[in-house]
Amino acid sequence: MIYSEKVMEHFQNPRNVGVLKNADGVGQVGNPVCGDMMTFYIKVEDNRIADVRFQTFGCGAAIAVSSMVSEMALGKTLEEAMEISNKSVAEELGGLPKNKLHCSNLGADALHKAIENYKKRQKATKKDQPAKSADKAKCYCPYCEGSLEGMEGFCKECQIELEECGECGMPKRKGAKECPHCGKTKVIV
Ligand code: FES
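Just so we're clear, the structure is a prediction, and the values are computed from it rather than from any experiment.

This part takes up the overall build of the protein chain. Within the protein chain, the secondary structure is distributed over 5 helices and 6 strands. Walking the protein chain from its N terminus toward its C terminus, one meets helices and strands in the order α-β-β-β-α-α-α-α-β-β-β. In the protein chain, buried positions account for 31% of the 189 residues. The contacts of the protein chain with a sequence gap of at least 6 include a subset with a gap of at least 24, amounting to 52%.

Turning to the sheet that holds strand 4 (residues 154–155), a few remarks are in order. Taken in spatial order, the 3 strands line up as 4-5-6 in an open sheet, and their pairing is antiparallel. Each end of this open sheet is capped by a strand with a single partner; those strands are strand 4 and strand 6 (171–173). As paired elements, strand 4 and strand 5 (residues 160–164) share 2 bridges and run antiparallel to each other. Across the sheet, Phe154 pairs through a bridge with Glu161, a residue of strand 5.

One finds Phe40, Ile42, Val65, Val69, Val89 and Leu111 to be the most contacted residues of the largest nonpolar core, which totals 34 residues. Elements that contribute at least two residues to this core include exactly strand 2 (37–45), strand 3 (48–57), helix 2 (60–73), helix 4 (86–92) and helix 5 (104–137). If you tally residues by element for this core, the top one is helix 2, at 9 residues. Those residues in contact with Ile42 that sit more than four places away from it in its chain are Ala23, Asp24, Gly25, Ile49, Val52, Ala114, Ile115 and Tyr118.

Read from one edge of the open sheet, 3 strands run 1-2-3, paired in antiparallel fashion. The open sheet has two free edges, formed respectively by strand 1 (25–30) and strand 3, since each of these has just one partner strand. Taking the axes of each pair of neighbouring strands and ignoring which way they run, one obtains an average angle of 15° across the sheet. As defined by bridge partners, strand 1 adjoins strand 2 across 6 bridges and the pair is classed as antiparallel. Considered in strand 2, the bridge of Val29 is made with Met38. Contacting strand 2 and strand 3, helix 2 crosses the sheet at an angle of about 175° to strand 3.

The next thing to look at is the packing of helix 1 (residues 5–12) against helix 2. Direction vectors running N to C along helix 1 and helix 2 enclose 85°, while the axes themselves pass 8 Å from each other. With respect to each other, helix 1 and helix 2 are oriented roughly perpendicular. Two secondary-structure elements touch here, helix 1 through Val7, His10 and Phe11 and helix 2 through Gly60, Ala61, Ile63, Ala64, Ser67 and Met68. Here the contact of helix 1 with helix 2 is built from residues that sort into 6 nonpolar, 3 polar and no charged.

Criteria and cut-off values
- Residues numbered from 1 in each chain as written.
- Predicted model: local features only at pLDDT ≥ 70, side-chain atom pairs only at ≥ 80, totals over all residues.
- Helix = DSSP H or I, 4+ residues; strand = E, 2+ residues; numbered from the N terminus.
- Buried ≥ 20, exposed ≤ 12 C-beta atoms within 10 Å, placed from the backbone.
- Contact = placed C-beta atoms within 7 Å.
- Pairing = 2+ DSSP bridges.
- Core = buried A, V, L, I, M, F, W, Y, C linked by C-beta atoms within 7 Å.
- Axes fitted to C-alpha atoms, helices over the stretch in contact; angles between N-to-C directions.
- Parallel < 35°, antiparallel > 145°, perpendicular 65-115°, else oblique.
- Nonpolar A, V, L, I, M, F, W, Y, C, P; charged D, E, K, R; others polar.

Here you go:
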């Protein structure tokens, strides 16, 4: 089996091997043909791949493929990195022997999965944001809208005692039957 010089060079000196602690995205794929595995870790800054690492349990070709994918991905925008394909990796490596082409399937797929995983995590973080703004809203009296900074349990403008609504978590008059925010009445005791 004849490997190109580039494949041999990446196999012998693979770049970006290892694990990224606190990675923003992780992607793992297995090769159904041989059962080998590849995991990619990425750090994303300003929509670009700021750092990348991989772990590959596979053949020499798979290690060369991972190394090449990591080099191609570094510094690219997420959109550009999604364009990296198994074919373009094999081409960058100066080709792979026919019976080793399946090894190149792992590289771009694992990278794409890491990017998808990053995007999923971003979406999940965005979902948390309304909760944070609700927290901020808790600092205002729902009756006069005066600030409750440092005195969540009492509004000095209306001179009323407040408590947290058990339904929506917003402040309401202590003992009030109806919450001004959600209209419900459950009270935390
Ligand atoms: Fe399994 Fe190459 S033989 S990845």
